[in-house]
Amino acid sequence: MAELYGKAWLIDKLSTVCHGFVTGAIYPSPMRKGMALAALMVLLTTGAMEALQTARPPKLILTNKLNGLESASEFSCSEIIHGYLTLPEKAVGAHTIEGIWVMPNGVVAEHSKNQVEFSAPGRQTAYVWLEFQDKSSGTLGDFRSRGDEPDPVNPQNGEWQVKVLWNGRPLVESKFKVKC
């Protein structure tokens, strides 16, 4: 990232100089003009223009379907909740992804920490998930649902939150509902 900020700064300075050329505010010698144009060409060919594009914010899609693309906001405690993460930019090398799944009462139900390795040219997607341990009644297994109505005593019913950390730093979070 620091490298891109440096290139963005340099491109900004070069664009100011180029604007000066066009408007006539700067009258450089032919040698300086040639050096500025050569530097601009080097930056353009090394991918520095990516620095000028606004980084996409990270995105997390929660779904009950493996490889699903449609986001869901309500889940049953008999399902696996899949979280597909889109990173702001391509990642290369070793990274750590964490999923912290918090129940409505604030208790952490699951905290997964996984090492991932992305080879060149890099990847921009990663995956977290939550699988309830006792699919008949949720993680705690103390209560059973009665029909289609959620068990009012089950602490898993209600609004949950998942927090995703990338290399130990908060990246994105999302809220969703669970009905047991």
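For the structure itself, consult the block above.
Not measured: the values here are computed from a predicted model.

Once that is clear, we can look at the nonpolar core. Among the nonpolar cores identified, the biggest contains 24 residues, and Ile 81, Trp 101 and Phe 176 are the most heavily contacted of them. Elements represented by at least two residues in this core include exactly β1 (59-63), β3 (80-102), β4 (108-131), β5 (158-166) and β6 (169-179). When residues in this core are grouped by element, the largest group, six residues, is from β3. Every residue in contact with Ile 81, bar those within four places of it in the chain, is listed here: Leu 62, Thr 63, Phe 75, Trp 101, Val 128, Trp 129, Leu 130, Phe 132, Phe 176 and Val 178.

With an omega dihedral of 10 degrees, the bond running from Ala 120 to Pro 121 counts as a cis peptide bond. Tracing the backbone through its elements, the reader meets Pro 121 in strand β4. Despite not being glycine, Asn 67 has its phi angle at roughly 60 degrees, a positive value. Its location among the elements puts Asn 67 in the loop between β1 and β2 (74-76). With relative accessibility at 60%, the residue Asn 67 sits in the exposed group.

Right, let's get into the side chain of Thr 63. Structurally, the position occupied by Thr 63 is in strand β1. On the accessibility criterion, Thr 63 (2% relative accessible area) is buried. Polar contacts involving the side chain of Thr 63 include one to the main-chain amide nitrogen of Lys 65, which spans 3.3 Å. If sequence neighbours within four positions are ignored, Thr 63 has contacts with Gly 68, Glu 70, Ala 72, Phe 75, Ile 80, Ile 81, His 82 and Tyr 84.

Right, let's talk about the environment of Asn 64 for a bit. With respect to the helices and strands, the residue Asn 64 is situated in the loop between β1 and β2. Residues Asn 64 and Ile 80, 16 residues apart in the sequence, show an inter-C-alpha distance of 6.0 Å. When sequence neighbours within four positions are dropped, the list of residues in contact with Asn 64 reads Phe 75, Glu 79, Ile 80 and His 82. One polar contact links Asn 64 to Glu 79, side chain to side chain, over a distance of 2.7 Å.

To continue, consider the pairing of β5. Sheet topology note: the β3/β5 ladder contains six bridges and is antiparallel. Its bridge partner being in β5, Gly 99 is matched across the sheet by Val 164. In the sheet, β5 pairs with β6 via nine bridges, with the strands oriented antiparallel. Of the residues in β6, the one forming a bridge with Val 164 is Val 172.

With that out of the way, let us pick up the pairing of β3. As judged from the five bridges shared by β1 and β3, these two strands associate in the antiparallel manner. Bridged to Thr 63 within β3 is His 82. From the end of β3 to the start of β4, which pair antiparallel, there are five residues, and Gly 106 there has a positive phi angle of about 90 degrees.

What counts and what doesn't
Residues numbered from 1 in each chain as written. Predicted model: local features only at pLDDT ≥ 70, side-chain atom pairs only at ≥ 80, totals over all residues. Heavy atoms only, no water. Core = buried A, V, L, I, M, F, W, Y, C linked by side-chain atoms within 4.5 Å. Buried < 20%, exposed > 50% of the residue type's maximum accessible area, 1.4 Å probe, protein only. Helix = DSSP H or I, 4+ residues; strand = E, 2+ residues; numbered from the N terminus. Contact = heavy atoms within 4.5 Å. Polar contact = N/O pair within 3.5 Å; in protein donor to acceptor, adjacent residues only side chain to side chain. Pairing = 2+ DSSP bridges.

Honestly, it's all geometry; don't read function into it.
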